[in-house]
Amino acid sequence: EQLQKHEATAAETHAVDSTASGALGSQIPQVPEDTKDSTATVKIMLHPDIQIFTMAFDINRTVGQMKQYFSSRLKIPQDVLQFMLLGRIMENSDTLQDLGAKCHGTIQFDMFSLDEERFPIKSSKLLQEYYMPDIITVKVQTGADTFQDVSVEITRPTFDKPFLGGFRHRLTGVEYHNAGSQTVPRKRPEKGYEEFCRSTQTVVERKKLQQTRNTTSTQMTKIGVYVSNITDKLIEPKGYVTAEEYHARRLKAVIVIQTYLRRWNAINIVARLKEEKRLRLEWEKQEERRKQREKEERLQREYDRRMHPKTKDDFELLYHALELWRQEELARIDRVFTGAERKAALCALLAREAELIASIGRHKLNADEENEQKTILSFLEKCARPKRWKAFDGRITQMDTQFTLRARELLEIYHSISMKDILQDERLDVLLTLKHTVKEHDCKLTHEIVELIDREADLMMRGVKEYNLEGLRKRICTLFLQYIKTPLFNPEVARYLKVPPDPLRLYNNIYFCLSCKCYLPSTDFAMAAGSHTVGRCHKCCKLDNEARQREAFLKYKLMLQNLRQSEVNYKDDAKIAFLIQQQDLQYMVEKFWGSQSALSAWDDLYDLVMVRWDKYHEWAPWNTILLTKDEAEAHLKQTNLEKAYEMVFIHRIKHKHILAKNYFSQFPEMAAALRKGDRQACSNDLLVATPLPPS
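What you see is a predicted model; the values in this text were computed from it and never measured. (Residues numbered from 1 in each chain as written. Predicted model: local features only at pLDDT ≥ 70, side-chain atom pairs only at ≥ 80, totals over all residues. Heavy atoms only, no water.)

A.B. asks: Looking at this structure, how should I read the sheet that holds strand β1 (residues 39–46)?
C.D. replies: Strand pairs in the sheet, formed through backbone hydrogen bonds, run parallel or antiparallel to each other. If you walk across this open sheet you meet the five strands as β2-β1-β5-β3-β4, and the pairing is mixed. Strand pairing shows two members of the sheet lacking a second neighbour, β2 (51–58) and β4 (88–89), which therefore form its edges. When strand β3 (residues 81–85) meets β4, the two strands line up antiparallel, connected through two bridges. From the neighbouring strand, Leu85 faces β4, where its bridge partner is Arg88. Its contacts with the sheet put helix α2 (residues 63–74) on β1, β2, β3 and β5 (106–113), and the angle it makes with β3 is roughly 130°. (Pairing = 2+ DSSP bridges. Helix = DSSP H or I, 4+ residues; strand = E, 2+ residues; numbered from the N terminus. Contact = heavy atoms within 4.5 Å. Axes fitted to C-alpha atoms, helices over the stretch in contact; angles between N-to-C directions.)

Printed below as a string of structure tokens:
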């Protein structure tokens, strides 16, 4: 009986599929091969019963084909059915793939009737017969007390089941048919060639036309026959051309072609040379304008720095300009006046010089006053800066500690109390915050700050003018700055104080200045590579220069900065350039190189740079050359110096290198670097000798 039911169900399913195939077969479009056998599960919400009907369709089926299928199942005209997806009515030409369905995926849309009174959609018509859904849920036991729901997709047969025979029951007369397996038969793999053919049993026929020769004759004019000669041509034999004449004519033609070709090439070469010349001249003009503009900007910057000095270098330039003016005036007085007139002119010059020095002193006081606040803020920002270090991959990592956070909090409070032109309520809030901050510690300094805060708040409430409170506010800022610089209240500041809180640390790197009679750290002394003693501190050297020589060392500082930056860009761990100090570089430029370029004798030190003579070795006083910026750029592009320069020039440069070796070999640090360089040079110049075979 079960087998009989199975046969009945299979027959019904086959009938349904046959009906759908007949309804949809006439409109199957041409689909791509990759999605030809792909299906998608379609869930249809039936209205107004609100029931879901699930079935698998080919992913390339159109909406019109599905309407035909459901029209045949529901016995409803096709034009009455309407499909809707996400509130949008679907067109008959849309396929499931166009609507967003994926291979073996699921899509859901609504189906309703346009005339529900005459043609209602009854779900019972679809569900009255047993129809196995395309997807079923099976509960599988995965453990002792655990179950899991598994979704199983039912594969429909796409072929007609063959008749495999059967038998008839003798007593009941019921026929039973043999059933085949429900799995899809495996397709034979394609071998890539035709396995069975009948080409050997057929005859290949070919058809080809053959044209036979036709005998023709010429008809001439004669008695009774007239043939027109209008289209006739008169042919005369010409002179015979020998092979030599033919080849000579071809050679002459080749020469003419080559002449025109060379002329065309010459015109192109001349045009290219003209264009290159034009571009070169234009580039030279641009470079000349650029150099002139840079020079004017530099002179303007120097003029502004002399007119509005702010830094030590600015005052150095100002004193240097004063010395140049004094020497010009002194030379003019010696040239024009004599006797008593000369003495009077010298006295006037001295008085004028004293006035200018006093004016420079006033500028220095104003600059110190302006730079004091910047120095304080820079010091506080340095204390509040987070810890930074570079990782192996080059990224910078920052970390805030409790000490840096405390320093940042104090910096923000200092910014607030230093602000001017703020409202009274805001000022009172700032003073209240400051009061709560300093009250965390109980000492004489904090008591004084709290007392001053209360005094200012009381005066502000009494309506005292702002300019009368400036002194009190400045005193509060000064005391709070002292509070910030105390390591007990701000531990991070101990790392940046010149006088460390630990007295034992004062014994390290502290030296005595013979000029100002002060004990100062080693960073306050200018020590050259050849110094045997610490000598005078920076302040004493600066004061002596302002009083005597009044030289400007800015050009040598810039030259040393450019040299060190270029050595850093090589990334070969160069060290000698960082041992050389400003005094050493000045001695080299003035004594060895004559303060001018080795190639063009250009003497403007602002345009000169020191670069490596041999770019493959570390920079050293015995491996350098003084050139302009353009000359240095061209020099570093050379790969073979012997071919780039003449031997006379090379010998002259080598002589300067020898002078530098003799001078710097007296100093221990430079002598060690010199010996290391000599060993490397010797190892590079070694020759590999092979013994000669015996004769």
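So that's the structure; there's more coming.
A.B. asks: Would you mind going over α2 with me for this structure?
C.D. replies: Residues that lie three or four places apart on an α-helix share one face, since the helix turns once every 3.6 residues. Taking 1.5 Å as the rise per residue, α2 with twelve residues should run 16 Å; its terminal C-alpha atoms sit 16 Å apart, in good agreement. Most of α2 is tucked away, with eleven of its twelve residues classed as buried. Turning to α2, its buried residues number three or more, namely Val63, Gly64, Gln65, Met66, Lys67, Gln68, Tyr69, Phe70, Ser71, Arg73 and Leu74. Positive phi shows up at Lys75, right after α2, with a value of about 60°. (Expected span 1.5 Å × (residues − 1). Buried < 20%, exposed > 50% of the residue type's maximum accessible area, 1.4 Å probe, protein only.)

A.B. asks: What exactly am I supposed to notice about the packing of helix α7 (residues 402–418) against helix α8 (residues 424–438) here?
C.D. replies: The angle between the axes and the distance between the axes are what describe a pair of packed helices. Interhelical geometry of α7 versus α8 gives an angle of 145° and a closest axis separation of 10 Å. Relative to α8, the crossing made by α7 is left-handed. In this structure, α7 uses Arg406, Leu410, Ile413, Ser416 and Ile417 to contact α8, whose residues at the interface are Arg427, Val430, Thr433, Leu434 and Thr437. (Left-handed = near helix turned anticlockwise from the far one by under 90°.)

A.B. asks: Is there a simple way to think about the packing of aromatic side chains in this case?
C.D. replies: Given two aromatic rings, one states the distance between the centres and the angle between the planes to describe the pair. Scanning the model with the defined rule gives 16 aromatic pairs in all. Ring geometry for Phe70 and Phe83: centres 6.3 Å apart, planes at 55°, overall tilted. Residue Phe70 is found in helix α2, and its partner Phe83 is found in strand β3; the two are separated by 13 residues along the sequence. The pair Phe70 / Phe83 is uniform in exposure class, with both members buried. Judged by centre distance (4.3 Å) and plane angle (15°), the ring pair of Tyr587 and Tyr663 falls under stacked. (Phe/Tyr/Trp six-rings, centres within 6.5 Å; stacked < 30°, edge-to-face > 60°.)

A.B. asks: What's the story with the nonpolar core in this structure? I'm lost.
C.D. replies: Nonpolar side chains tend to gather and get buried jointly when the protein is soluble and globular. Core analysis: the biggest nonpolar cluster contains 38 residues, and Val589, Trp593, Met610, Trp613, Trp619, Ile625 and Phe664 have the highest contact counts within it. Looking at this core, the elements with two or more residues in it are α12 (554–570), α13 (576–579), α14 (582–592), β14 (608–612), β15 (624–628), α17 (647–664) and α18 (668–685). Per-element tally for this core: the top contributor is α17, with five residues. Not counting residues up to four positions away in its chain, the partners in contact with Trp619 are Leu563, Glu567, Ile576, Ala577, Ile580, Met588, Met610, Val611, Arg612 and Thr624. (Core = buried A, V, L, I, M, F, W, Y, C linked by side-chain atoms within 4.5 Å.)

A.B. asks: Got a minute to help me understand the pairing of β2 in this structure?
C.D. replies: Side-chain positions along a regular strand alternate between the two faces of the sheet. Looking at chain direction, β1 and β2 are connected through eight bridges and run antiparallel. Across the sheet, Ile44 pairs through a bridge with Phe53, a residue of β2.

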